[in-house]
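Structural overview for review
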Amino acid sequence: MLKYLEAIEQLPVEIKLPLLKAFEFFKEEIAETVKRSDFEELKSIVKELAEAQKRTEQRVEELAEAQKESEKRLTRLEQVVAELAEAHKESEKRLTRLEQVVAELAEAQKRTEQRVEELAEAQKESEKRLTRLEQVVAELAEAQKRTEEELRKLIKEHERTREIVAGLSDTVGYGLEDKIMPYIPDFAKKEYGIEVTLVDRRNLVYPDGRYDELNIYVEGRKNGEKVYMIGECKSRPSKKDIMRFSEVLSRVKRYLNAPVYSFITGYYYSPEVEKYLKEKHPEIRAMKSFEFEMRYSRI
C-alpha cells in the first residue's frame, strides 16, 4: 500500500474522506499531465544527465590537472626564458668584446701590412747585398784555390825541410850514440852493477810485425840474472820525446819479461824538462853527453 494512504488511514473520518477524494482528483490530474512512459524517459534523461555530469566533473578534474601541468611547464618556460635573457646579455657582452678584438686585429693587420712592406724593401736591399756577397765569395773561392795551390807547394817544401831536419836529427843522434857507445860498459858497471855482454843499436821486432828502434840496446848480467839497459839519444830532449821513450820502454819490458834499466842522453835539458823527468819519469835517468867522457873510461 502506498505510504500516503497509510498516513490518511490514521486521520479522523471527517478529514480522511475529503482528503482521499482530493487525492483522487489530484491523481487523475497528474495522470493526465504526466504519463508513466514520460516519467521513465525523464528518469533516463536524468540518469544520462547524471552520467554526463560525472564525465564533465572528471573532465574538469583532468582539465584542472592539465592546468596544473601547464602552469608547471609555463613556470619552467619562464625560467628558461629568463636564462636565455641572461645568456643573451652575456652574448651581447662577448659580442662587444669580440667587436673590440676585431677592431684591434684590424689595426694590427694594418701594422703587419706596413711591416711586410718594410720587410719587402729590406729584402730587396738584402738581395742586393747578397748579390755583392756572392761576388765576394766567388772572388774568395778563387783566392782560396790559389792559396791551396801555394799551400800544397809549401807542404811539399815543408816535407822536404822535415826530411832534411830529420836527417840532421838522425845525424846528431847517431853522432851522440857513436860518441857514448864506448863508455856504456863502464857506465853500466858503475851505475847499475851490470856486467855488459852486448852493446848495440837495434830494431826490436814484436810478434805482430811492429817494431821499436832502440838507439842503445844493452844486454848483461846482474847478480847472475840476465838484464837489459835501453838508452835514448836526443840533442835537446823534450817532454814529447820523453813520453814517446816511456811508451817504448813499456812495450820493451812486456816483450823482454826481464829487468830493464833506462836512460836518456842529450846535449842540453831545459829546466821544465828536467823537472818533468824527476816528477813524472824518475825511472829514466837523465845524462848529459859530456858526463860520459868525464866519469867513465873507455873499455
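Fair warning: this is a prediction, and the values are worked out from it, not measured in the lab.

1. Some points on the pattern of salt bridges
Any two side chains of opposite charge can pair, on the condition that their charged atoms come close. The full count for this structure, using the stated rule, is 22 salt bridges. Between glutamate 65 and lysine 68 there is a salt bridge; the shortest N-O distance is 3.9 Å. Placement of the pair is glutamate 65 and lysine 68 together in helix 3 (residues 36-180), with a separation of 3 residues, close to one helical turn. Its salt-bridge partner being glutamate 69, residue arginine 76 comes within 3.9 Å of it at the nearest N-O pair.

2. Description of unusual backbone geometry
Its identity is not glycine, yet asparagine 223 carries a phi of approximately 55°, on the positive side. Among the secondary structure elements, asparagine 223 is positioned in the loop between strand 2 (211-222) and strand 3 (225-233). Here asparagine 223 falls in the exposed class, since its relative accessible area comes to 78%. Although it is not a glycine, asparagine 257 adopts a positive phi angle of roughly 55°. For asparagine 257, the position within the fold is in the loop between helix 5 (239-256) and strand 4 (260-266).

3. Notes on the nonpolar core
By size, the foremost hydrophobic cluster in this structure holds 19 residues, and its most contacted members are Leu214, Ile230, Ile242, Val252, Ile264, Leu277 and Ile284. Mapped by element, the contributors of at least two residues to this core are strand 2, strand 3, helix 5, strand 4 and helix 6 (271-280). With 6 residues, the single largest contributor to this core is helix 5. Discounting residues that sit within four places of it in the chain, leucine 214 has contacts with Arg201, Arg202, Leu204, Ile230, Val248 and Val252. Of all hydrophobic cores here, the second largest spans 18 residues; its members include Ile194, Val227, Met229 and Tyr296.

4. Focus: the layout of surface pockets
Of the voids in this model, the second largest pocket is the one considered here, and its volume is about 190 Å³. The wall of the second largest pocket is formed by Tyr269, Glu274, Leu277, Lys278, Ile284, Arg285, Ala286, Met287, Lys288, Glu291 and Arg295. Breaking the lining of the second largest pocket down by element, the ones donating at least two residues are helix 6, strand 5 (284-288) and helix 7 (289-295). No other element matches the 5 residues that strand 5 contributes to the lining of the second largest pocket. In the lining of the second largest pocket, the residues fall into 5 nonpolar, no polar and 6 charged.

5. Looking at the confidence of the model for the protein chain
Across the protein chain, the average pLDDT comes to 82, with 79% of residues at or above 70. In this model, residues 161-173 is a region of pLDDT below 50 whose contacts with residues beyond four sequence positions or in other chains number 4 contacts.

6. Brief notes about helix 5
In a regular helix each residue adds 1.5 Å, so 18 residues correspond to 26 Å; helix 5 covers 25 Å between its end C-alpha atoms and thus fits that length. Those residues of helix 5 that fall on the buried side of the exposure criterion are Asp241, Ile242, Phe245, Ser246, Val248, Leu249, Val252 and Leu256. Along the long axis of helix 5, the arc covered by the buried residues comes to 165°, so they all point the same way. Those residues of helix 5 that are exposed and angled more than 90 degrees off the buried face are Lys240 and Arg254. Looking at the buried side of helix 5, the elements it contacts are strand 1 (195-205), strand 2, strand 3, strand 4, helix 6 and strand 5.

7. Side note on helix 6
Each full turn of the α-helix corresponds to 3.6 residues, which orients residues three or four apart in the same direction. When we look at burial in helix 6, the residues that qualify are Val273, Tyr276 and Leu277. Around the axis of helix 6, the buried residues are gathered within 100° of arc, so they sit on the same side. The outward face of helix 6, more than 90 degrees from its buried face, is lined by the exposed residues Pro271, Glu272, Lys275, Lys278 and Glu279.

8. Focus: the packing of aromatic side chains
A complete count under the given rule lists 9 aromatic pairs for this structure. For the ring pair tyrosine 217 and tyrosine 228, a centre distance of 6.1 Å and an interplane angle of 45° mean the geometry is tilted. Residue tyrosine 217 is found in strand 2, and its partner tyrosine 228 is found in strand 3; the two are separated by 11 residues along the sequence. The burial state of tyrosine 217 is the same as that of tyrosine 228; both residues are buried. Measuring from centroid to centroid gives 6.3 Å for phenylalanine 263 and phenylalanine 292, while their planes differ by 50°, and the two rings are tilted. With a gap of 29 residues between them, phenylalanine 263 in strand 4 and phenylalanine 292 in helix 7 connect regions that are remote in the sequence. Exposure class is identical for phenylalanine 263 and phenylalanine 292. Each is buried. Through pairs of rings, three or more aromatic residues link up here, namely Phe187, Tyr192, Tyr261, Phe263, Phe292 and Tyr296.

Quick notes on the rules
Residues numbered from 1 in each chain as written. Predicted model: local features only at pLDDT ≥ 70, side-chain atom pairs only at ≥ 80, totals over all residues. Heavy atoms only, no water. Salt bridge = Lys/Arg side-chain N within 4 Å of Asp/Glu carboxyl O. Helix = DSSP H or I, 4+ residues; strand = E, 2+ residues; numbered from the N terminus. Buried < 20%, exposed > 50% of the residue type's maximum accessible area, 1.4 Å probe, protein only. Core = buried A, V, L, I, M, F, W, Y, C linked by side-chain atoms within 4.5 Å. Contact = heavy atoms within 4.5 Å. 1 Å grid on protein atoms, 1.4 Å probe; cavity = no way out; pocket = protein on both sides within 12 Å on 5 of 7 lines; lining within 4 Å. Points joined across faces, edges and corners; volume = space filled by probe spheres on them. Nonpolar A, V, L, I, M, F, W, Y, C, P; charged D, E, K, R; others polar. pLDDT = per-residue confidence, 0-100. Expected span 1.5 Å × (residues − 1). Arc of directions from axis to C-beta. Phe/Tyr/Trp six-rings, centres within 6.5 Å; stacked < 30°, edge-to-face > 60°.

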